[in-house]
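# Residue-level structural notes
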Amino acid sequence: MKCNYILDTNIILDYMLDRVDSNKNIYTIFTKLKNNFYLSSSQIHNIEYIFIHERKKEIGLEKSKEEWMAFIKNIKITKTPSYVDINDALFLQDSEDYLIELSAKVIDAKIITRNKNFLNNSELTISVDEFLKTDENKKASPIPFLDLKSINMQYFNEYEKAFDDVIRSGWYIQGTQVKAFEQEFADYCETKHCIGVANGLDALTLIIKAYKEMGVMQIGDEVIVPANTYIASILAISENGLTPVLVEPDIQTYNIDPALIEAKITEKTKAIMAVHLYGQVAAMNEINTIAKQHNLKVIEDSAQAHGAIYNGKRTGNLGNASGFSFYPGKNLGALGDGGAITTNDDQLAEIVRALGNYGSHKKYENKYQGVNSRLDEIQAAFLRVKLKQLDNEIQKRREIAGVYLENINNENIMLPYVNDQQAHVWHLFVIRTKNRDELQKYLLGNGIQTMIHYPISAHNQNAYKSWCEQSFPTTEKLQNEVLSLPISPVINVNEVKKIASGVNEYQKRCILK
Ligand SMILES: Cc1ncc(COP(=O)(O)O)c(C=O)c1O
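The text that follows walks through the structure, step by step, so that each part is easy to find. Values in this document were obtained by computation on a predicted structure and should not be read as measured data. (Residues numbered from 1 in each chain as written. Predicted model: local features only at pLDDT ≥ 70, side-chain atom pairs only at ≥ 80, totals over all residues. Heavy atoms only, no water.)

## Description of the packing of helix α12 (residues 200–213) against helix α15 (residues 346–355)
- Between α12 and α15, the shortest axis-to-axis distance is 9 Å and the interhelical angle comes to 115 degrees. Between α12 and α15, the interaxial angle falls into the category roughly perpendicular. Relative to α15, α12 is oriented so that their crossing is right-handed. Of the residues in α15, those touching α12 at L206, I207, K209, A210, Y211 and E213 are L348, I351, V352 and L355. (Axes fitted to C-alpha atoms, helices over the stretch in contact; angles between N-to-C directions. Helix = DSSP H or I, 4+ residues; strand = E, 2+ residues; numbered from the N terminus. Parallel < 35°, antiparallel > 145°, perpendicular 65-115°, else oblique. Left-handed = near helix turned anticlockwise from the far one by under 90°. Contact = heavy atoms within 4.5 Å.)

## With respect to the nonpolar core
- With 69 residues, the main nonpolar core has M273, I299, F429 and L485 as its most contacted residues.
- Sorting elements by how many residues they give to this core places α12 first, with 7 residues.
- With sequence-adjacent residues up to four places away left out, F429 is seen in contact with A401, Y404, L405, I408, L415, P416, L483, S484, L485 and I487.
- In this structure, I256, I265, A274 and M284 belong to the second largest nonpolar core, which totals 39 residues. (Core = buried A, V, L, I, M, F, W, Y, C linked by side-chain atoms within 4.5 Å. Buried < 20%, exposed > 50% of the residue type's maximum accessible area, 1.4 Å probe, protein only.)

## Description of the layout of surface pockets
- In this structure, the second largest pocket spans a volume of roughly 720 Å³.
- Lining the second largest pocket are 32 residues, with Y230, Y327, K330, H427 and Y454 sitting closest to its centre.
- Looking at the lining of the second largest pocket, the elements with two or more residues in it are α12, α13 (231–238) and β13 (321–325).
- Residue composition of the lining of the second largest pocket, by class: 18 nonpolar, 10 polar and 4 charged. (1 Å grid on protein atoms, 1.4 Å probe; cavity = no way out; pocket = protein on both sides within 12 Å on 5 of 7 lines; lining within 4 Å. Points joined across faces, edges and corners; volume = space filled by probe spheres on them. Nonpolar A, V, L, I, M, F, W, Y, C, P; charged D, E, K, R; others polar.)

## Structural notes on a nonpolar patch on the surface
- A cluster of nonpolar residues, F163, I167, Y172 and I173, forms a patch on the protein surface that exposes about 370 Å² of accessible area.
- Inspection of the secondary structure assignment puts I173 in the loop between α10 (156–169) and α11 (176–189).
- Taking relative accessible area as the criterion, I173 reaches 36% and is therefore assigned partly exposed. (Patch = residues over 30% accessible without salt bridge, like charges linked within 9 Å, V, L, I, M, F, W, Y side chains within 5 Å. Areas by Shrake-Rupley, 256 points an atom, 1.4 Å probe, with all protein chains shown as cover. Salt bridge = Lys/Arg side-chain N within 4 Å of Asp/Glu carboxyl O.)

## Regarding the pattern of salt bridges
- Going through the model one piece at a time under the given rule, you end up with 20 salt bridges.
- Taking the shortest distance from any N to any O, the salt bridge between D346 and K192 comes out at 2.9 Å. Within this pair, whereas D346 is found in helix α15, its partner K192 is found in the loop between α11 and β6 (193–197), the two being separated by 154 residues in sequence.
- You can call D346 partly exposed: its relative accessible area is 43%.
- We note a salt bridge from E481 to R432, for which the minimum N-O separation is 2.9 Å. Of this pair, E481 sits in helix α19 (residues 473–481) while R432 sits in strand β17 (residues 429–432), and the two are 49 residues apart along the sequence. Across the pair, R432 and E481 agree in class, each one buried.
- Salt bridges here are not isolated pairs; linked through shared partners, they connect R432, K434, K477 and E481.

## Considering the sheet that holds strand β10 (residues 297–301)
- Pairing is mixed in the open sheet, where 7 strands are placed in the order β6-β14-β13-β10-β9-β7-β8. What marks the edges here is a single partner per strand, and that holds for β6 and β8 (243–247). The average angle at which neighbouring strand axes cross in this sheet is 25 degrees, direction not considered.
- Bridge count between strand β7 (residues 222–226) and strand β9 (residues 269–275): 3 bridges; the pairing is parallel. Its bridge partner lying in β9, E222 is registered against T269.
- The strands that α11 touches are β6, β13 and β14 (339–343); relative to β6, the one it contacts most, it runs at about 130 degrees. (Pairing = 2+ DSSP bridges.)

## Considerations on the pairing of strand β4 (residues 109–112)
- Sheet topology places strand β1 (residues 4–7) next to β4; 4 bridges connect them, and they run parallel. Residue pairing in the sheet places N4 in a bridge with A109 of β4.
- Where β4 and strand β5 (residues 125–126) come together, 2 bridges link them in parallel fashion. By the bridge assignment, I112 is partnered in β5 with I126.

## Describing helix α17 (residues 390–407)
- The end-to-end C-alpha separation of α17 is 26 Å, in line with the 26 Å expected for 18 residues at 1.5 Å each.
- Among the residues making up α17, those that are buried are L390, E393, I394, R397, R398, I400, A401, V403 and Y404. (Expected span 1.5 Å × (residues − 1).)

## Some details on the packing of aromatic side chains
- Enumeration according to the criterion identifies 20 aromatic pairs in this entry.
- With a centroid separation of 6.2 Å and 75 degrees between ring planes, the pair formed by Y155 and Y159 is classed as edge-to-face. As far as the burial class goes, Y155 and Y159 line up, both buried.
- Among the aromatic residues, ring-to-ring pairing joins F181, F185, Y188, F324 and F326 into one connected group.
- Positioned above the aromatic ring of F131 is the side chain of K32, whose terminal nitrogen or guanidinium carbon lies 4.5 Å from the ring centre.
- The ring of Y188 has R314 lying over it, and the distance from NZ or CZ to the ring centre is 4.1 Å. (Phe/Tyr/Trp six-rings, centres within 6.5 Å; stacked < 30°, edge-to-face > 60°. Lys NZ or Arg CZ within 6 Å of the ring centre and 35° of its normal.)

All we've got here are geometric facts, nothing functional implied.
Written out as structure tokens, the structure is:
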């Protein structure tokens with residue numbers, strides 16, 4: 001993880017006022033950091049006052065104000081929190097230093113200072129010389145599977161504003177933030193409707209529940225679903241009293257194999273659930289054609305594929321209705337649970353909205369036996385910040401995937417198959433190998449954390465123990481061979497190259513054995 005720095009007031013003033021005598025290395029700090037440092041909001045007025053007071057003696061008031069404005073507009077400012085502990089030892093000693101330290105804690109920063117007391121009294125401070133040596137001592141740190149903190153720290157200031165807006169609104173459920181997010185996400189997916197719900201599982205469950213209310217489905221009906229999906233796709237079906245009918249995936253794309261669907265259709269089949277696993281869109285042309293021929297609904301499980309494009313349309317707009325998850329680790333992740341349904345079907349949208357709100361479309365009137373499943377105002381406010389960056393983040397994921405695809409050259413490793421590089425959103429980068437568990441251990445030993453999506457398929461789970469006699473060879477092969485490598489918008493290319501060479505290195509060990 002990259003380190004943040006706050007510069008103490010004395011350092012920034014040395015630089016701005018050319019006080020070279022105080023430390024001859026002063027310019028090296030700025031060359032090294034470029035403009036990549038923070039000031040705490042508690043420092044700004046002080047620095048401004050001293051700078052203008054001193055500088056005006058040389059160039060006059062107007063010019064020094066101009067210089068200040070030119071300087072400050074390029075600086076990143078971080079907040080000074082309001083939760084001040086007036087009994088803290090540092091506060092009692094020097095309240096200004098204490099406020100800077102408090103700001104540093106918020107963004108995990110070190111403070112560069114030449115103030116001896118501050119250096120002695122705060123663990124977050126480092127001297128100029130220590131800072132200049134940082135690269136020399138830097139040890140390679142382990143690479144986490146997913147650094148959620150770094151992903152979210154990118155948007156800290158905007159989240160903070162969103163948080164303030166929600167608190168001040170005095171309205172925390174089904175208010176303006178949810179309404180705005182629903183509109184923005186519907187616009188993004190180019191669908192008529194978006195309905196926020198509590199999580200991705202509820203999104204899928206409520207779609208089926210609504211179809212039951214519409215008379216399209218009933219208890220005992222069947223829904224076709226890929227056998228290798230995450231358990232939530234399947235739970236949404238069984239929770240409604242319908243039967244999940246598992247179909248094997250295509251061994252290349254890992255998405256449902258459309259060629260195997262028709263054999264599983266009976267007179268009870270009412271829908272196909274198309275899961276866009278790992279961020280790659282399922283074969284929607286084929287799926288929609290089969291669905292049309294057999295008069296079935298197509299429900300997309302888009303939990304892993306926000307923003308993925310197929311035939312010029314985004315997920316969420318490729319079937320009759322779609323469920324999204326905003327679980328923190330998803331490509332569009334909240335700071336807690338969240339989910340949404342998108343659809344172009346007016347009736348379905350109206351019923352789903354009511355079902356998630358106790359079955360009520362009007363206060364204290366209950367048309368259906370619903371549940372409580374709503375997207376919170378605070379999560380909607382955070383998601384609005386993230387949605388603006390989604391396409392950028394997808395682009396970064398594509399670049400990372402490109403580095404893996406280019407650098408992993410190991411004949412024991414099967415790389416992901418890509419239908420269309422411009423369409424895939426790379427929620428996960430999944431490789432396959434015969435000695436998966438050994439490779440995972442080897443990478444971990446080299447400081448690289450990986451995960452398995454998913455180690456136990458639904459038909460092998462205790463929750464569905466009546467299916468344990470069924471055989472799904474492709475799904476079982478995948479469950480034993482898949483391994484997800486770290487991918488995210490914040491992982492850097494050097495880390496990715498290190499992982500790729502770790503994976504390549506493992507090949508040598510195999511051959512030597
Ligand atoms: C494919 C798939 N479907 C559904 C879900 C359920 O989403 P949530 O965790 O928000 O309930 C997830 C994620 O966890 C998922 O990966």
